[in-house]
Amino acid sequence: MEERIATIFNNVMGPIGVGPSTSNTCGPCRIGYLSRLIAGGTLKQVRVLFPSDSGYATPNAYGMRSDYAFAHGVAGNLPDADAPLLEAYRELEKQGITLEYSVSDQISSQGEHLLDIMELVDALGNRTEVWGISKGGGAIEIVRINGFSVSITGAENLLLVYTDQGAKAQLLQQTLRGRHPELAEYPGQLSVDGDKALLLFPMYEIAPEEMLARIGAMEGVTKVTALPAILPVVVRPNVKLPFRNADELTRYCAEGRSLTQAAIDYEAAVSGWNPEQIRGFAAKALKAIRGAIQGGLDPSLQFDGIIPPSASKMMKNAQAGLALEDGIVSKAALYALAIMEYSNASGVVVCMPTAGASGTVGGALAAAAEKLGASDARIEDALLAAGAVGVSITEDNDFCGGVYGCQAEVGCASAMAAAGLVTLAGGRAEEAINAASMALQNMLGLICDPVCGLVQVPCFARNMAGVANAIVCANMSMLGFPAVIPLQDTFQAMKRSGESLPMTLRGCGGGLAETQTGKCLLCSYYNK
């Protein structure tokens, strides 16, 4: 399988999409959307099957609106669509599509926390089976189509060629690459199942209709589908990365580059975008952050759950002086809370790096920028710097509480926020990376234990704590305190700590969720 290259805008500063969860909301939405495209035709029936040992078979799936998310995607929407998430079932009804869910103990999740199997039937009775995995942070992978083993992440344009001459599939692959050189720019995939085969060709540009027609007319070809990338960045072929991990990022910046420049260089290398395009995406993220803060502070905001919206009221209390003086900490924490509450109302947020941690970076930078009187350009620089730290720790990492615990979500977000704050304040790259390591060190071992499967308790409070942690670490780093343990080593310690956590402490009902109060809340919430 070809190497998967992470990008800042695909994997760290995004998705920019609907809350409340990237793993359980954005991911399923993307899987549903891609499955619809893979099936093609006019859909009539969709069945989603969850293994009984999958995270989808827990209350988390419904508390985080995975059911609505699958429906949203099947209806033809991506996470950043204007169409409201909670209207997904009505949209399916308008399109004449029925959708049902079931749980089976006859199928194993194969060690994947969020595995689903979608069975799609079109108006002509054609059936398509798609296996998908939500990997964390909005990342997904389609791993099987009608029995063919594949790996589709949505990060590339794909040409899917089906043939009933499995024995000649390799020859067909060679022939197509010879006739269409653009099909040879990336490593492809070939999956054979008996006398049938599926060929996948990644492409930088989407395949034109005339190519589809020519290939579809070839002997032995039974179906051709062009599958568009669904992520912002399509990775260029033969990419040479300026850095791959935190150690390499540290050395890259030691040559005199800022973290912001490192981020621009990285994203330009993988995407082919120019600096103006890269800054343009950062500006889009900043606009979404401000929109989420404004939406979260709206007194009329409502969402379902076990804790009422409180950011608006708390901000008024803070302005009335009903708390200790703490510089920007309280305002930043309240901005983080506002973002999280807006996410829970199915508002669009910047999942940096996840929806469950989306308040941390945005809340910290927004409050600090106001205090410093920073321009939009400076805030965008800080967001990019935070993104550079985030992408440097994506190596073999899923920003998913179900894989490594909350340390991989709020912990990593706090590290990114610390680096962004140092950059916003005019600090050096060395100080920013030092602050990031310190912030992550403070959150090692943090478990994922959402009460009632909702992204509320303790997620709201942890985002506020992540903001405070980031501010302290940014300040202490600029004052000269050393993290001692480099960021790369700290990240590796996070991975080892996460892998040693029992599954109950990785989003499956442990910690606060299994307290007496947590269990009572679970019963009352789902029985109301």
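Note that the structure is predicted; figures quoted are calculated from it, not measured.

Caption draft 1: Geometry of the overall build of the protein chain. What the protein chain contains, in helices and strands, is 20 helices and twelve strands. Compactness check: the protein chain gives a C-alpha radius of gyration of 23 Å against a globular reference of 24 Å for 528 residues, within 12% of the reference. By principal-axis analysis of the C-alpha atoms, the protein chain measures approximately 75 × 60 × 40 Å. The burial tally for the protein chain puts 57% of its 528 residues in the buried class.

Caption draft 2: Structural view of the pairing of strand S2 (residues 43-51). Inspection of the sheet shows S2 paired to strand S4 (residues 115-122) by six bridges, in the antiparallel sense. Among the inter-strand pairings, Gln 45 is bridged to a residue of S4, identified as Val 121. Sheet topology note: the S2/strand S3 (residues 98-104) ladder contains seven bridges and is parallel. Its bridge partner lying in S3, Pro 51 is registered against Ser 104.

Caption draft 3: Inspection of the pairing of strand S7 (residues 148-152) at higher detail. Most of S7 sits out of view: four of its five residues are buried. Here strand S6 (residues 139-145) folds back onto S7 in antiparallel fashion, the turn holding two residues, of which Asn 146 has a positive phi close to 50 degrees.

Caption draft 4: Representation of the environment of Glu 205. Position of Glu 205 relative to the elements: it lies in the loop between strand S10 (196-203) and helix H7 (209-216). Glu 205 sits in the exposed class, given a relative accessible area of 55%. Here the alpha-carbon distance between Glu 205 and Gly 111, two residues 94 residues apart in the chain, equals 34 Å.

Caption draft 5: Representation of the packing of helix H14 (residues 376-392) against helix H16 (residues 410-424). At a minimum axis separation of 8 Å, H14 and H16 run at an interaxial angle of 140 degrees. Crossing of H14 over H16 shows right-handed handedness. Listed contacts from H16 to Arg 378, Ile 379, Asp 381, Ala 382, Ala 385, Ala 386, Val 389 and Gly 390 of H14 are Met 416, Ala 419, Gly 420, Thr 423 and Leu 424. Residue classes in the contact of H14 with H16 are distributed as eight nonpolar, three polar and two charged.

Caption draft 6: Structural view of the sheet that holds S10. Read across the open sheet, the four strands follow the order S9-S10-S8-S11; overall the sheet is antiparallel. With partners counted over all chains shown, the strands left at the sheet margins are strand S9 (189-193) and strand S11 (221-227), one partner each. Within the sheet, the average angular offset between the axes of one strand and its neighbour, ignoring direction, is 15 degrees. In the sheet, S9 pairs with S10 via five bridges, with the strands oriented antiparallel. Across the sheet, the residue bridging to Gln 189 is Leu 200, located in S10. Running over the sheet, helix H6 (residues 169-179) touches strand S8 (157-163), S9, S10 and S11 and is turned about 25 degrees from S10. This element, H7, spans S8, S10 and S11 of the sheet and lies at about 160 degrees to S11.

Caption draft 7: Spotlight on the nonpolar core. Judged by nonpolar contacts, the single largest core of 106 residues is most densely connected at Met 13, Leu 259 and Val 361. Leu 259 has contacts with Leu 249, Cys 253, Ala 385, Ala 388, Val 389, Ala 419, Thr 423, Ala 429, Ala 432 and Ile 433, leaving out every residue within four places of it along the chain. Grouped together as the second largest cluster of nonpolar side chains are 39 residues, Leu 92, Leu 120, Ile 152 and Leu 200 included.

Conventions we followed
Residues numbered from 1 in each chain as written. Predicted model: local features only at pLDDT ≥ 70, side-chain atom pairs only at ≥ 80, totals over all residues. Heavy atoms only, no water. Helix = DSSP H or I, 4+ residues; strand = E, 2+ residues; numbered from the N terminus. Rg over C-alpha atoms; globule rule 2.2 N^0.38 Å. Buried < 20%, exposed > 50% of the residue type's maximum accessible area, 1.4 Å probe, protein only. Pairing = 2+ DSSP bridges. Axes fitted to C-alpha atoms, helices over the stretch in contact; angles between N-to-C directions. Left-handed = near helix turned anticlockwise from the far one by under 90°. Contact = heavy atoms within 4.5 Å. Nonpolar A, V, L, I, M, F, W, Y, C, P; charged D, E, K, R; others polar. Core = buried A, V, L, I, M, F, W, Y, C linked by side-chain atoms within 4.5 Å.

This is a description of form; function is not addressed.
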